[in-house]
Protein chains: 2
Amino acid sequence: MRPTAKQVAEAAGVSVATVSYVFGGRDGRVAPETRQRVLEAAGRLGYAPDQAARSLRRGRTQRVCLVQGSFGGVPTEERLARDLHEMADAQGYSVVTLTVYSRARAVAAADVLRGGIADGALINVSGEHLTPDLLASVVSTGLPVVAIREGEVPPGCDVVRVPEADACAEAVEHLIAQGRRRIAFLAHRHELYTGRPSGRLLGYTRALDRHGVDPARRLIVSGADDRVAAYQAVTELLRSPDRPDAVFAASDRAAISTIWAVRDAGLRVPEDVAVIGVGNIDEGLIANPPLSTVGPLRHDCTDVVRLLFDRLRAEEPPPARELVRTWSFLRRGSA
Amino acid sequence: MRPTAKQVAEAAGVSVATVSYVFGGRDGRVAPETRQRVLEAAGRLGYAPDQAARSLRRGRTQRVCLVQGSFGGVPTEERLARDLHEMADAQGYSVVTLTVYSRARAVAAADVLRGGIADGALINVSGEHLTPDLLASVVSTGLPVVAIREGEVPPGCDVVRVPEADACAEAVEHLIAQGRRRIAFLAHRHELYTGRPSGRLLGYTRALDRHGVDPARRLIVSGADDRVAAYQAVTELLRSPDRPDAVFAASDRAAISTIWAVRDAGLRVPEDVAVIGVGNIDEGLIANPPLSTVGPLRHDCTDVVRLLFDRLRAEEPPPARELVRTWSFLRRGSA
DNA sequence: CTGTTAGCGCTTTCAA
DNA sequence: TTGAAAGCGCTAACAG
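Just so it is clear, the model here is predicted, and its values are computed rather than measured.

Draft legend 1. Structural context of the relation of the copies chain B and chain A. Superposing chain B onto chain A takes a rotation of 180° plus a shift of 0.1 Å along the axis, which leaves an RMSD of 0.1 Å. The superposition of one copy onto the other is thereby described by a two-fold rotation axis. Relative to the rotation axis, the closest C-alpha in chain B is found at Val96(B), a distance of 1.9 Å. Taken as a fraction of all interface residues of chain B, those also at the interface in chain A reach 100%, which identifies the copy contact as same-surface.

Shown next as structure tokens:
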């Protein structure tokens with residue numbers, strides 16, 4: 001069904017080596033006329049070199065692996081995925097995507113990576129399933145790895161740091177400075193599941209702590225994962241006698257839903273309820289009022305992706321690098 | 001660096017065959033105690049069977065391929081991707097994603113598929129780059145293929161039909177019946193690039209034609225691909241002296257931006273401007289007014305995904321199947 | 001410029 | 001229950 005080089009060789013009246021030369025790109029090696037014959041026969045048979053055999057022989061798969069924490073819907077992950085795909089396409093790589101949403105998936109992902117499914121991996125998992133030892137077991141095989149991660153990473157792997165917590169704390173302190181007394185946090189579910197607060201939630205709690213806000217006055221609800229949940233959570237919050245006068249949402253999408261919910265409740269943003277999101281998505285600019293947010297100024301992830309491809313190209317493993325992304329609080333109309 | 005079965009065998013004092021038995025799942029084949037020794041040695045060395053070698057030998061990759069037309073941001077594609085990932089994970093498959101946004105990428109994707117990158121493919125590309133002959137060259141290798149597609153598909157491949165055009169025409173006819181005289185269409189860019197109108201655009205033009213609307217009165221603008229572009233496009237449209245009294249947007253996201261733009265311009269939805277979107281995303285329910293839309297009642301794509309996995313499981317290639325999804329016009333508050 | 005051939009790491013048949 | 005060995009399809013070193 002799937003033709004092999006041998007069949008093409010027979011059809012073209014040459015040896016398998018010649019077929020391999022033609023498809024292997026070793027151009028000068030084959031006479032133009034022979035080359036033509038081979039291509040013609042291959043075209044007729046619908047031949048394409050078997051990837052498994054080629055990978056086994058060459059020791060390279062021409063694939064890169066993206067390890068994600070969740071499925072689409074998160075703008076910042078999407079952008080990373082897109083930049084990785086574009087770079088991969090341009091360099092002749094395919095992209096295989098692994099999703100890690102449980103311990104079992106993390107173990108499976110590590111096995112698959114150690115099994116050589118790809119020539120390198122870009123790991124963007126925030127949960128706790130992918131433990132340092134698991135990551136280390138992958139890195140120790142010599143696989144080029146770039147990890148976007150807080151906390152510990154094994155030696156020999158590039159790491160990208162995103163100082164979310166600091167920028168978020170700044171935003172929440174801005175709310176406190178404005179005199180907001182009841183600041184709600186609209187959390188991603190996974191933030192609530194982890195042991196210690198990290199990232200966005202950590203920024204929130206840290207700012208409140210720093211200003212001596214009674215922990216009992218914290219108001220943390222789930223809903224940042226999707227727009228409808230956010231709308232509903234905020235609508236409910238606003239019905240409380242002790243309603244918040246500010247909402248810090250862990251995503252811009254949730255923050256925009258918050259603006260809707262506040263307006264639909266007959267209240268004003270920011271006068272009655274200040275709103276701040278996270279992510280700096282473009283949509284925030286057309287919200288009414290424009291959304292104040294915490295996030296990167298540029299969304300482009302090519303620098304992260306380049307870390308990986310630099311490693312793929314290198315003969316010798318280069319020294320491990322650390323990239324720190326810039327995050328800031330962007331004040332616009334909603335807070 | 002990456003240990004082989006041979007090394008594990010030596011460390012455990014057994015033959016490579018035994019190592020293979022342990023990792024190949026052929027359970028009863030190995031004495032519990034031997035098995036333990038092998039696993040222990042493998043764990044120490046960090047062994048995982050080489051995928052390329054295994055694939056070559058077994059003739060199966062344990063991978064499925066998703067071929068997409070664009071990168072994230074399209075809710076309906078995201079849902080398909082998620083359902084595919086979940087099914088794949090559950091069945092022990094990985095997912096490799098190919099993106100086809102040009103003729104060159106289409107040719108490359110076909111080569112990669114014919115090269116056996118995966119055991120089956122789910123193809124969800126609406127553009128014209130992936131021509132029927134290219135698709136046929138892939139199907140003819142015997143690769144299980146499920147295509148979500150309008151128009152021609154090669155024999156031997158399952159196809160999923162989405163009657164978008166009919167449902168969209170119904171929505172536009174509803175606008176006409178309401179007495180709307182100037183109905184704008186907010187298009188995806190790719191719809192404007194293709195030769196003949198298809199899908200959503202086709203529904204729009206067909207409805208107008210059917211009611212004898214002068215083609216010169218059609219109002220087609222780009223902007224459905226992203227929320228900000230939609231907002232700006234509509235804002236501009238509303239400034240025209242001959243402003244539309246209805247907007248049919250090719251995506252719900254654009255339709256929601258349209259609602260904002262109309263309200264921010266001091267006009268009312270639906271009194272001054274009716275708005276209808278496409279996709280039936282949840283977010284439409286919390287829009288104000290709730291968004292009228294065209295789309296599926298259920299978003300679940302497990303039936304589509306199952307077509308593929310049925311084919312993967314089958315010994316004999318089953319007869320080609322056609323799945324027709326149900327699309328309808330869902331009238332809510334915005335039109 | 002083209003052909004012959006070893007061998008990548010694994011699975012699986014067959015033999016012990 | 002375990003081992004020996006052939007061979008999946010390809011590439012690359014070497015020979016001609």
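Draft legend 2. Main features of the pattern of salt bridges. For the structure shown, the criterion picks out 47 salt bridges over all chains. Measuring nitrogen to oxygen at the nearest pair gives 3.9 Å for the salt bridge that ties Arg161(B) to Glu322(B). Of the two residues, Arg161(B) is situated in strand β5 (residues 158–161) and Glu322(B) in strand β11 (residues 322–324); the sequence distance between them amounts to 161 residues. Residue Arg161(B) is classed as partly exposed on the basis of its relative accessible area, which comes to 22%. Given the relative accessible area of 51%, Glu322(B) is considered exposed. Close ionic contact of Asp209(B) with Arg218(B) constitutes a salt bridge, the shortest N to O distance being 2.8 Å. We classify Arg218(B) as partly exposed; its relative accessible area is 28%. A single network of salt bridges, built from pairs that share partners, joins Arg227(A), Glu283(A), Arg227(B) and Glu283(B).

Draft legend 3. How the structure looks around the environment of Ser137(B). Residue and element names in this part refer to chain B. Following the sequence through the fold, serine 137 ends up in helix α7 (residues 132–139). As a C-alpha pair, serine 137 and arginine 114 span 23 residues in sequence and 7.8 Å in three-dimensional space. Once you skip the residues sitting within four places of it in the chain, serine 137 turns out to touch Ala110 and Arg114.

Draft legend 4. Spatial organisation of the sheet that holds strand β7 (residues 219–222) of chain A. All names here are of chain A. Reading across the sheet, the six strands line up as β7-β6-β8-β9-β10-β12 and stay open at both edges, with mixed pairing between neighbours. Two strands in the sheet have a free side with no partner beyond their single neighbour: β7 and β12 (328–330). Shown here is a sheet whose adjacent strand axes are inclined to one another by a mean of 20°, direction ignored. Where strand β10 (residues 292–295) lies against β12, three bridges are found, and the strand directions are antiparallel. When the sheet's bridge partners are listed, glycine 295 is paired in β12 with serine 328. Here helix α10 (residues 199–210) sits on the sheet in contact with β6 (183–187), β7, β8 (246–249) and β9 (274–278), set at roughly 165° to β6.

Draft legend 5. Structural view of the domain arrangement of chain A. Residues and elements named next belong to chain A. Taken domain by domain, chain A holds domain 1 (1–47), domain 2 (61–161 + 300–325) and domain 3 (164–295). If you average the C-alpha positions of domain 2 and of domain 3, the two centres end up 30 Å apart. Counting from both sides, the interface comprises six residues of domain 2 and, opposite them, seven residues of domain 3. For the pair domain 2 and domain 3, the two sides together bury roughly 490 Å², of which 50% comes from carbon and sulfur. Summed over the three residues of domain 2 that lose the most area to domain 3, namely Pro75, Glu128 and Glu150, the buried surface amounts to 62% of that side. For the interface between domain 2 and domain 3, the tally reads zero salt bridges. For the pair domain 2 and domain 3, the number of links is zero residue pairs in polar contact (both at pLDDT 80 or more).

Draft legend 6. Quick peek at unusual backbone geometry. Look at the link from Asn288(A) to Pro289(A): it is a cis peptide, with omega at 0°. Here Pro289(A) lies in the loop between β9 and β10. Of the consecutive residues Val269(B) and Pro270(B), the connecting peptide bond is found in the cis state with omega at 5°. Inspection of the secondary structure puts Pro270(B) in the loop between α12 (252–264) and β9 (274–278). Notably, Gln62(A) is not glycine yet its phi reads approximately 60°, a positive angle. Mapping Gln62(A) onto the fold places it in the loop between α4 (51–58) and β1 (63–68).

Conventions we followed
- Residues numbered from 1 in each chain as written.
- Chains lettered and ligands numbered in written order.
- Predicted model: local features only at pLDDT ≥ 70, side-chain atom pairs only at ≥ 80, totals over all residues.
- Heavy atoms only, no water.
- Least-squares fit on C-alpha atoms with pLDDT ≥ 70 in both.
- Contact = heavy atoms within 4.5 Å.
- Salt bridge = Lys/Arg side-chain N within 4 Å of Asp/Glu carboxyl O.
- Helix = DSSP H or I, 4+ residues; strand = E, 2+ residues; numbered from the N terminus.
- Buried < 20%, exposed > 50% of the residue type's maximum accessible area, 1.4 Å probe, protein only.
- Pairing = 2+ DSSP bridges.
- Axes fitted to C-alpha atoms, helices over the stretch in contact; angles between N-to-C directions.
- Domains from an automatic or database assignment.
- Buried area = accessible area lost by both parts, 1.4 Å probe.
- Polar contact = N/O pair within 3.5 Å; in protein donor to acceptor, adjacent residues only side chain to side chain.

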